[in-house]
Structure formats: C-alpha cells, structure tokens
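Here is what each chain is made of, one letter per residue.
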Amino acid sequence: MKKLVLFLMPVMLFIIVFIPIKNNLIYWSLYLVLFALFFAFYYLDSIVKDKDIKSYLNTTEYWSVKAGYIKINGNNSDIVNGRLVIVKNSVYFFKRSGGKEKIILLKTFPVSDIATYTIKKVDDFHEGIVFSLNNGEEVLFSSKAVKNDEDGLNRALGWL
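Residues numbered from 1 in each chain as written. Predicted model: local features only at pLDDT ≥ 70, side-chain atom pairs only at ≥ 80, totals over all residues. Heavy atoms only, no water.

A.B. asks: How should the nonpolar core be read in this particular structure?
C.D. replies: The tendency in soluble globular proteins is for nonpolar side chains to be buried side by side. Formed by 22 residues in total, the largest nonpolar core has its most connected members in Leu84, Phe131, Phe141, Leu153 and Leu157. Secondary structure elements with two or more residues in this core: β1 (63-73), β2 (76-87), β3 (90-96), β5 (114-121), β6 (127-133), β7 (138-142) and α5 (150-157). Residue contributions to this core peak at 4 residues, all from β1. Ignoring sequence-local partners within four residues, the contact set of Phe141 consists of Ala67, Gly68, Tyr69, Leu84, Phe93, Phe109, Val122, Gly128, Ile129 and Phe131. Among the nonpolar cores identified, the runner-up in size contains 9 residues, and Val48, Leu57, Phe94 and Ile103 belong to it. (Core = buried A, V, L, I, M, F, W, Y, C linked by side-chain atoms within 4.5 Å. Buried < 20%, exposed > 50% of the residue type's maximum accessible area, 1.4 Å probe, protein only. Helix = DSSP H or I, 4+ residues; strand = E, 2+ residues; numbered from the N terminus. Contact = heavy atoms within 4.5 Å.)

A.B. asks: I tried to follow the packing of helix α1 (residues 2-18) against helix α2 (residues 24-46) on my own but got confused; where do I start?
C.D. replies: Each pair of packed helices gets described by two things: the angle between the helix axes and the distance between those axes. At a minimum axis separation of 9 Å, α1 and α2 run at an interaxial angle of 155°. Between α1 and α2, the interaxial angle falls into the category roughly antiparallel. Read as a crossing pair, α1 and α2 show a hand that is left-handed. Judged by residue contacts, Lys2, Val5, Leu6, Leu8, Met9, Met12, Leu13, Ile15 and Ile16 of α1 engage Tyr27, Leu30, Tyr31, Val33, Leu34, Leu37, Phe38, Ala40, Phe41, Leu44 and Asp45 from α2. Along the lines of polarity and charge, the residues of the contact of α1 with α2 split into 18 nonpolar, no polar and 2 charged. (Axes fitted to C-alpha atoms, helices over the stretch in contact; angles between N-to-C directions. Parallel < 35°, antiparallel > 145°, perpendicular 65-115°, else oblique. Left-handed = near helix turned anticlockwise from the far one by under 90°. Nonpolar A, V, L, I, M, F, W, Y, C, P; charged D, E, K, R; others polar.)

A.B. asks: Explanation requested: the side chain of Ser143 in the structure shown.
C.D. replies: When you line up the elements, Ser143 lands in the loop between β7 and α4 (145-148). For Ser143, a relative accessible area of 6% corresponds to the buried category. Polar side-chain contacts of Ser143 include one of 2.9 Å to the backbone oxygen of Lys66. Of the polar contacts made by the side chain of Ser143, one reaches the backbone nitrogen of Ala145; its length is 3.3 Å. (Polar contact = N/O pair within 3.5 Å; in protein donor to acceptor, adjacent residues only side chain to side chain.)

A.B. asks: For this particular structure, what's the right way to read the sheet that holds β1?
C.D. replies: With respect to topology, 7 strands assemble into an open sheet ordered β4-β3-β2-β1-β7-β6-β5, the strand pairing being antiparallel. Each edge of the sheet is formed by a strand with only one pairing partner; in this case those strands are β4 (103-110) and β5. Strand-to-strand, the axes of this sheet are offset by a mean angle of 35°, without reference to chain direction. Judged from the 5 bridges that link them, β6 and β7 form a sheet pairing that is antiparallel. Paired with Ile129 across the strands is Phe141, a residue of β7. On top of the sheet, α2 reaches β1, β2 and β3; it is set at about 140° to β3, its chief contact. (Pairing = 2+ DSSP bridges.)

A.B. asks: Can you walk me through the environment of Leu84 in this structure?
C.D. replies: Mapped onto the secondary structure, Leu84 falls in strand β2. Taking relative accessible area as the criterion, Leu84 reaches 0% and is therefore assigned buried. When the C-alpha atoms of Leu84 and Lys147 are compared, they prove to be 13 Å apart, with 63 residues separating the residues in sequence. Excluding residues that lie within four positions of it along the chain, Leu84 makes contacts with Trp63, Ser64, Val65, Ala67, Val91, Tyr92, Phe93, Ile129, Phe131 and Phe141.

A.B. asks: Honestly, a nonpolar patch on the surface in this entry has me stumped. Any pointers?
C.D. replies: A grouping of Met1, Leu4, Phe7, Leu8 and Val11 is seen on the molecular surface, where their side chains present a nonpolar patch of about 480 Å² in accessible area. Turning to its location among the elements, Phe7 is positioned in helix α1. (Patch = residues over 30% accessible without salt bridge, like charges linked within 9 Å, V, L, I, M, F, W, Y side chains within 5 Å. Areas by Shrake-Rupley, 256 points an atom, 1.4 Å probe, with all protein chains shown as cover. Salt bridge = Lys/Arg side-chain N within 4 Å of Asp/Glu carboxyl O.)

A.B. asks: Just to check I follow, could you spell out unusual backbone geometry for this structure?
C.D. replies: Negative phi is the rule for most residues except glycine; trans is the rule for most peptide bonds. Phi is positive for Asn58, which is not a glycine, with a value near 55°. Assignment of secondary structure puts Asn58 in the loop between α3 (50-57) and β1.

The values reported here are purely geometric and, on their own, carry no functional implication.
Next up, the structure:
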C-alpha cells in the first residue's frame, strides 16, 4: 500500500502541473487528492497502532505516547517516528514496519537502568525526554505529549 501511495504522489503532481485542466472544480479537487495521499503516506509510514503493541507485548497494561527516537551518530542526528512504550520493567520504542510484521522493536532497555530523566528540548526544534542511564548513556525521545502526562510517566516507571 505504501509503495502504491509513493507511486501515486508524483503522478498526481505531474497531472496537476503539466496537464491543462479547464474545469476549476476538477483542478482544485486534484490538490485535495494529493494532500490525502500525503496524509496516507504519513499514516502508513509512522503511526504505530495500539492493537499492534498489545499483540506484540501480550498485555494491555502499559503507558505509551507518540514519540520520535533520536539516533545520534557523531555530529549527525536522525529522528525515527514511532511510539514510546513503558511496561512494568522495560522501556520499548516501536517503529512501524512495511513488511509482514506491523511493528519493529527499535530500542529497549530495563527501567532499572534509568538513573534519571529530564523533560527539555532534545534538539534545536523538538521538546522531549532524555533518559540518563546508569552506564552514562543518554537516550533521547522527542515528544510534546510526555510533558503533558508526566504523572503517567512516573506511574509507568514505578516512581510514584
């Protein structure tokens, strides 16, 4: 499905730009179709569904929030969209997959390894959370929703 949407986006753009359409209603409705394709691509690429997490973890008791995992490679950083999930003793980050498995586990670490966390700007543009682990490593996630549900985060970590 994702490949089909990726194919249709430039086709629609080509039709809008290079094919003369005299009827304004049809012309502007093609823009709506193009925007719908952009939204569909975003949804197929980055939204992790709760039912996929439930089936992966085999539990319904967890705390989760839409987030981006920030990978830092030297001077470069990359954000991967997905869902940050905390179950009793572990923290997981899931990314949407395009294959048979609907989600991929990208990062995991036990809650006992977390020394502290800080909610702050994690890069130049994004607010989020920084988990400082006992081994000195810092794990960064961008998410505005974490700031709004800090009590839920503390309960999920078992710190309340």
